Structures are given as structure tokens and as C-alpha cells.
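# A closer look at the structure
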Amino acid sequence: MIRQAKGKTPRRPPLKKPSNNQKDPVGVYCRVRPLGTEDEECCIEVISKTTIQLHAPDGLKANRNGEFKETQYSFKKVFGIKTTQRELYEDVAKPLVEDLIHCKNGLLFTYGVTGSGKTHTMTGSPGQGGLLPRSLDMIFNSISPYQAKRYVFKPDDKNGMEVQNQVDALLDRQKRDSQTNVPKTPTTRRIDPEFADMISPEEAFRADGVDEDSSYSVFVSYIEIYNNYIYDLLEETPFDPIKPKPPQSKLLREDQNHNMYVAGCTEVEVKSTEEAFEVFWRGQKKRRIANTQLNRESSRSHSVFIIKLAQAPLDADGDNVLQDKNQVNVSQLCLVDLAGSERTSRTRAEGSRLREAGNINQSLMTLRTCIEVLRENQMCGTNKMVPYRDSKVTHLFKNYFDGEGKVRMVVCVNPKADDYEETLLVMRFAEMTQEVEVARPVDRPICGFAAGRRQRNQVFKEELTRRLEERGGPVNGESTTLSQLLLSFPSLPPCEIGGPNDDITLPRLIEALEKRHKIRQMMVDEYNKTANMLKSMLQEQDGNLVAKENFISEQHGRLGEKDKMIQNQKNEIDRLEKKSKMLEYKIDILQKTSNIHEEDKRTLQHELESREQRLQRELSDKRRMESRMQGIVCDTKLKWEKECERRVNAKQLEMQNKLWVKDEKLKQLKAIVTEGKSENRQPQRPSREKDKVPPKRSASPTPVPTVPPVRPLHRRSHSAGGERWVDHKPTTNVDLDTLMQPNLPNAIKVTAASEKALSKCDKYVLTHQEVASDGEIQTKLIKGEVFKTRGGGQSVQFTDIETLKQESPVSASRKRRSSESGPSHEGERMDGDWTDVETRCSVAVEMRAGSNLGPGYQHHGYPKRKKP
């Protein structure tokens, strides 16, 4: 009876949610390819081992008005134009191959713009092997001594592996060898020249820590995703030259452990690097033929090369693979060459090419969306559904992002300026991908047998062979046990009979044969005894077996009941899952609605707070304005009270001056009238202080004692001091060209009074010109002091007036001659000189603060500055 064990890809036991230290970020690397020509404009600069900087091209800066600036992006490691394929593999893919040999999955994909070097990075060229051939070479260099024979592991078409016994594997090998179109050994294959010498022996790698007590087998498959359809590049289809059939697309399925796989995909068992190269090259040729027939570019599709490593422990003897399906372990490494990322407007594609580019961009956009949702769920603590099913690429590899292995990405960039905008999008996607964390895979033990079984078995076989060769026995064959049994008997004496009377040889031979017969009899008795004991043991085991079979049948009945119960529970679980999905969908809608309402609430609350703040500011401004207006009203009231008092005093003074002028005129008239009567006598002019009797001024009001009308003149100008003056000279003044001019040192000369000039000085003088009664121009210097007001402005308080008058000598001599015409007129001259109004008014008058200087002086005052 042929026995076989079937093992699925093991699903790791349910673990608790891994903590932060059990997660690793997606490893994102950047590789910069060289420019095509030296005179091309470069937009990328490698700053350090982990950072690159993008410069916007000059033309783009001119079109965008300098909107694009220099931007820097960081990666796990940056590989410049001088990086070799070996250095890239050692940092990026070697850890994934080591994890593959230690029962862990891995995903490695290249991403970038068309023409950025993705295919060269993944595949390479003769003498410069890429990541894929170097990974295969390292796998076979590591497990080559421990590979199982062909067909010991066999795929079951459900993403699992069957373990066949030696007989079934031998039959499958004989069936394969009988086919004429398949070579017997991989060493007789002719390697394609395109893959010859891809990896030199000195660049070969080997993994450490390989389990010697396990058997390994490598299976490869090669698929292509084009227009969101999956095609098998290793499928053997009959070729019809008359009516060729298009390739059939494959479907994605989910195994019992919820891992995604391509249903019906061809998986080829390979035993060497050369054989794996041949399988890969066969798929490449089929892909090129399909591209030629469909008139498409190779960069318009995603290619996925899957390496599966099946391993199972050896049995206790260390000779054969353990026939236990629970101990079979399958790990896989996916090497993905993504299609080129570029804008459809730049490709200028039309028709089917445009739809093809749209599908490629849609699949890449779905990959970006999945990465964005994963990052948002991890960083914000949300539980949004990741849209893996929107694209075949993301649906196939969703298990890796859920924690089924390591994920690494190589971003390939072309530094030429034409690819700047597409490269900028690629950099942003790479920067976002680095923020996604993937659960770290756990180690899965294989079995509990003692280590070193293979080595001990090999040593035992070598020792047995050596001893058999020393004894001259058969080395190989079924008589090994018989020869060992014969060697345990005593040796026969010489059997040559010397003659008929030889009585020594025959008795000696008979004695030896009798000894042998006794030994044989003893062995037969022992054998019978052992056989009887074994028979009784077998009968006992048969009884136990029958009891166990009855127990097993009973357990089968219970198991059937449990299966029915489990099926009912599964149906209930399915119903609850559907209900849960429906509720999750409703919760998602409600969550979105709640988020919208929360956002509206925050917006309205923010607006309410801003309005409350604005209202508070307006209220405070209103209170401040009220207090300011009250202060202004009080200041204005006080000012007008003082102004009214000043005007009243000034009016009283003016009236007194008018009455005094009228009195003087009356005196002159009286003197003229009395002049004829006093011709014959010489009147003596009374002195101004003692002899002259002051006339009665009954009509004049009593002058206000607090404001004296005049003040004694100063013989020396106040401008001779050391104060800072504002010299205000209007533009209408006439230059008299006199020898004596007012000299004000350190004075600020202005034509119009300003607050800025007044704030810098403490004295003010206004030069005012007017025509005197004799027709001459007289200059008046109106002086004042500058004071600071309570509202922050400047005010001028006039304190003194100096009058400067220029007289002509001709007019003076004429007046003297007329006055000296006769002695009779001497008294008239003397009285006229005293009583002449013009002469009396030509004296300088100094006014006190608050006095009215007359109509010609009022416009020179500088008003107070009101409070703002």
C-alpha cells in the first residue's frame, strides 16, 4: 500500500496584536541610474548615503514663476551611479533570501518611471546579474547538498505541497525520463547566451545557518499582469500557426489559511541555477512573443517571478523525508518588476495604447491608495478598509502588508530633467511608503527530532561500507544480512581426505558440523521463542488495534456530529459576518457623517469663538472710546472755558485801548483848540511822571488788574540765549537787506509751523511784516514758549513781541524843518511829538499769555493735537 502525506502552507497560530517593537517599516531604497549623455540636464543630486535632492529644471522654474524649490528626500539607503549590482544585492535582496531559507516570506518590487532602470536592476545583463539571478544562485549555493530528489515534493494546485514516498517519486521520475523532449539531467542543458556568465564565482553568496536535517525543493512560477488580467508565462499551450489562440487569464484564489495565490499557475521544480535561468528565460521569450503579437511595450505590464522553497525534516533515521503533513513548510519570495509610472499626456498614446496606459496608472494608483490607507490606519489609529481588491497587484500581495513577510522596494530614478515631474510623484510615494509598518514574521520551528541526523546516518553508511570491504563481503545487495549471519558460525576444518584409511578428517568435519547444528538448533529455538513472543505481542497489538478502531469509529461518529455542528456554526458565522460587514458599512457611513458633523461643529464653534472675541474687542474698544471721549469732552470744556475767559479779557483790554486812543485824540484836539490862545506865552511841558496831571477818563472802563496791557521793553532780545528755537518765516516776507538781522543760533528754520519741528525745540519766534502808518515796512518778532500738551501734542504760549522798523533819513529831515520853522511852533512841536499816536504806537509792546495780539497775529498760533 502506497502512503502519501499532504501538507498545506502552514498558517501561523493566532498571536496577540504585535507591539511597536515587533513591527518593521517597509524598507525603501533608491537607485540613481547614469545619464544617457553627458550634456543632458540633471535634476537629481546625491547628498549623502541616505538623502537625495531634486532641482527643478530651469525651464520649469520660468514657467511656474519659481514655484518649485529644491526638495530633499530620505531613504534607507541611496545607491549612486557607481554602485555595482553586487553591492545592491548585498544590501537589499540578500536578507530576504536568508529569510526564505529560514521559513519566512519576502516581497521585493522595483518602482519608477519608464526608462529608469527597473528591469536592469531586477534582471541585469551578462556579467552584471541583477537581483533575480543572484537570489537564485544564493539559494542553490546554500541548499544544494540538502536537496530532496525530484517529485518528493509535489504541488497540490491549492497553494500547498504534497510529500510523496520514494516509490511514487521514483515512478514520476521514470515517467519524466521517458519523455523524449525533456533532458535527463540539468548539466546537459545548453544555457542561453543571454544568461551566460551573469554571476562570476567570486561574487557568489551562501546563506548561513541552513538546517542540515531538512530536505529542500525549489519551485518557480512566472506570471504577468496586463490590463488587470493575470497570464501564466510558463503554461505549455499548443501553438496553432493558422489560428493562434490568445492566452487564457488566471484567477486569484484564497487558500484555507487566507493566503492569496494564482489558481492553475504552473509551478516548475528546478534543481540548479542554470535550470531556473532556463525556466525564467522561457517565460521571457513567451512574454516578448506576446508583446510582438499584441503590439505592446514590455514596460506596460507587471511581471512577477515567484520562488517557492518547500522544506520538510528528515525522519529519525536521517534517511528519508518525514511523512508528516504538519511538518511541511513552504516559504516564498516574490520579485516584482512594476510597470513604468508616467503620465498619459506625455506618452501621447491613442486608442488601445491610451486604455492600456490608463489601466497601468490605475493599478499603480490603487497601490498608492492602499499605502495611504495603511499609513493613516497606523498613524491615526483608524480602522479604514484597505482597497486591496481594486487591483490584481494589491490583491495578490495583500498578505505581505498584513504581516506575512518582509516588504522592500527599490525606487529607480532617471536624473534627466525631462522626467522631473514624474520623478517628483515617485519620490512622494516612496516617502509615504516608508511610514508604513509591517508586522515582523515569527520563527516557525519544524520538528522536535535531535539535530545531526543526516550526518550520523552518513557516517553509519560509510563505516558499514568500510567494514564490508575489509571482510570481502558484498558491499551492495540483499545478501548483506546473510553474510553477517554466516560469519557468526565457527569455521570449518580442512576437508581434504588423505586416503581411505583417513580417520581424522571426517570425524573432525562431523564434529564441526555437529557444533554448527547445535548452534543452528539453538538459534532456531531462540527464533521460535522470539517468534512466539512476537506472535503474542502481535495478537495483543491486534486486540488493541481492534479496540482503537472501535474507538476511532466512535470518534468518527462524534466527529461527524461535530462537523455538522461546525458547519452550522460556520453558516451562523457567515451570516454574522455578512451582518457585521453590513453594520461596519453602516458604521463607516455614520462615522463619515459624524466626522462631517464634527467638522461643521468645530467650524461653527471656531466661528462663534472668533465672533465672541471680536465682540469683546468691540466692547473694550467702545469702553475705551467712551472714556477717551469723556476725557476729550472734559478737555474741550476746560479749553473753551479758558478760551472764553481769555477772549473776554482780551475784549476788555481792546475796549480799554480804544477808549485810551479816543482820549488821546481828544487831547490832541483840545491842544489844537487851545494852541491859538497860548501863542504869546511859552508853556512848559510837564514831566510825564510828576508834573503832568492825568486826564480824567470817565468813559473808559477800569482795566483788569490781572492782565496788564503792556510790559516794559527789553533792550536785548531773548534770542541771545542758548535755547533751541523754531524760526518761522512765511514765504510772503520781503527781504529788506538791512545790516542788523535777528541771529538765532541752532534754530530750525521753517516756512510753516509743524509738530515735528516744535517737538525738538523749546522756543518759537514768528517773523511778521506789515506796512506802518508812515508807509514803511516794519517787522515784528512774535516770540513764545513751546509746551507739551496732555494729549501728546505741542502748544505755543506767546510771551513777547519785538518790533523792528526801518526809517528813511529824508523824511526825518523834512519833519524837523517843518517843526523848526519858528519859535512860536516850539510848543506845538513838543506837544505833537508827545501826543503823536504813531510815535506812541511805534514802541514795542509785550503781551502776556492768553492776550489777543490782534487780527494779524491770530493765525500764527499752533493748535493742540486732539487725542486719537
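## Things to note about the pairing of strand β13 (residues 214-226)
For a regular strand, the rule is simple: side chains alternate between the two faces of the sheet. Summarising burial for β13: 13 of the 13 residues are buried, a large majority. Every second residue of β13 is oriented toward a common face, with Ser214, Tyr216, Val218, Val220, Tyr222, Glu224 and Tyr226 on one face and Ser215, Ser217, Phe219, Ser221, Ile223 and Ile225 on the other, all of them buried. Looking at chain direction, β13 and strand β18 (residues 302-313) are connected through twelve bridges and run antiparallel. Residue pairing across strands places Ser217 opposite Ala310, the latter belonging to β18.

## Describing the pattern of salt bridges
What the rule picks out here adds up to 28 salt bridges. Here Arg282 ties to Glu236 by a salt bridge, and the two come within 3.7 Å at their closest N and O atoms. Of this pair, Arg282 sits in helix α7 (residues 273-294) while Glu236 is found in the loop between β14 (229-232) and β15 (249-254), placing the two residues 46 residues apart along the sequence. The class for Arg282 is partly exposed, based on a relative accessible area of 33%. We classify Glu236 as exposed; its relative accessible area is 64%. Arg375 is the partner of Glu435 in a salt bridge, and the nearest nitrogen-oxygen pair spans 3.1 Å. With a gap of 60 residues between them, Glu435 in the loop between α12 (420-433) and β21 (437-439) and Arg375 in helix α9 (residues 352-380) connect regions that are remote in the sequence. If you follow the salt bridges from partner to partner, you end up with Glu643, Arg646 and Arg647 in one network.

## Considering the nonpolar core
Considering soluble globular proteins, one finds that nonpolar side chains tend to be buried as a cluster. By size, the foremost hydrophobic cluster in this structure holds 54 residues, and its most contacted members are Ile52, Phe75, Phe397 and Met427. Counting residues per element, this core draws most heavily on α12, which supplies seven residues. The contacts of Phe397, once residues within four sequence positions are left out, are Leu107, Val304, Cys334 and Val336. Ile101, Met138, Phe205 and Ala207 belong to the second largest nonpolar core, which has 42 residues in total.

## Some remarks on helix α3 (residues 94-101)
The element α3 is extensively covered by neighbouring structure, given that six of its eight residues are classed as buried. Looking only at α3, the buried set comprises Lys94, Leu96, Val97, Asp99, Leu100 and Ile101. After α3 finishes, the residue Cys103 shows a positive phi value of roughly 65°.

## A closer look at a nonpolar patch on the surface
On the surface, a nonpolar cluster with roughly 380 Å² of combined accessible area is contributed by Met533, Leu534, Met537 and Leu538. Examined against the element boundaries, Met537 turns out to sit in helix α15 (residues 505-673).

## Concerning the sheet that holds strand β22 (residues 725-728)
The mixed open sheet is built from five strands, whose spatial order is β23-β22-β24-β25-β26. Both outer strands of the open sheet, β23 (748-750) and β26 (794-805), are each paired with one neighbouring strand and no more. Averaged over all adjacent pairs, the angle separating strand axes in this sheet is 25°, with direction ignored. When β22 meets β23, the two strands line up parallel, connected through three bridges. Paired with Val726 across the two strands is Ile748, which belongs to β23.

## Some thoughts on the sheet that holds strand β5 (residues 51-54)
One open sheet accounts for three strands, arranged β4-β5-β6; its pairing is antiparallel. Sheet topology places β4 (44-46) and β6 (71-74) at the edges, where each strand pairs with a single neighbour. Each adjacent strand pair in this sheet contributes to an overall mean axis angle of 25°, direction not counted. Relative to β6, β5 runs antiparallel, the two sharing four bridges. By the bridge assignment, Gln53 is partnered in β6 with Gln72.

## Observations concerning the environment of Tyr261
Relative to the elements of secondary structure, Tyr261 occurs in strand β16 (residues 260-263). For Tyr261, a relative accessible area of 14% puts it in the buried group. Filtering out sequence-adjacent residues up to four positions away, Tyr261 remains in contact with Asp157, Lys158, Asn159, Leu251, Leu252, Arg253, Glu254, Asp255 and Leu396.

## Side note on the packing of α3 against helix α5 (residues 131-143)
Two numbers describe how α3 lies on α5: the axes approach to 10 Å, and their chain directions differ by 40°. Comparing the axis directions of α3 and α5 gives the class oblique. Crossing geometry of α3 relative to α5 is assigned as right-handed. Between α3 and α5, the contacting residues are Lys94, Val97, Glu98, Leu100 and Ile101 on the first element and Ser135, Met138, Ile139 and Ser142 on the second. Broken down by class, the residue content of the contact of α3 with α5 amounts to five nonpolar, two polar and two charged.

## A look at unusual backbone geometry
Most peptide bonds take the trans form, and the phi angle of most residues other than glycine is negative. Phi is positive for Tyr151, close to 75°, though the residue is something other than glycine. Mapped onto the elements, Tyr151 comes out in the loop between α5 and β11 (153-155). Under the relative-accessibility criterion, Tyr151 is labelled partly exposed at 22%.

Conventions used here
Residues numbered from 1 in each chain as written. Predicted model: local features only at pLDDT ≥ 70, side-chain atom pairs only at ≥ 80, totals over all residues. Heavy atoms only, no water. Buried < 20%, exposed > 50% of the residue type's maximum accessible area, 1.4 Å probe, protein only. Helix = DSSP H or I, 4+ residues; strand = E, 2+ residues; numbered from the N terminus. Pairing = 2+ DSSP bridges. Salt bridge = Lys/Arg side-chain N within 4 Å of Asp/Glu carboxyl O. Core = buried A, V, L, I, M, F, W, Y, C linked by side-chain atoms within 4.5 Å. Contact = heavy atoms within 4.5 Å. Patch = residues over 30% accessible without salt bridge, like charges linked within 9 Å, V, L, I, M, F, W, Y side chains within 5 Å. Areas by Shrake-Rupley, 256 points an atom, 1.4 Å probe, with all protein chains shown as cover. Axes fitted to C-alpha atoms, helices over the stretch in contact; angles between N-to-C directions. Parallel < 35°, antiparallel > 145°, perpendicular 65-115°, else oblique. Left-handed = near helix turned anticlockwise from the far one by under 90°. Nonpolar A, V, L, I, M, F, W, Y, C, P; charged D, E, K, R; others polar.

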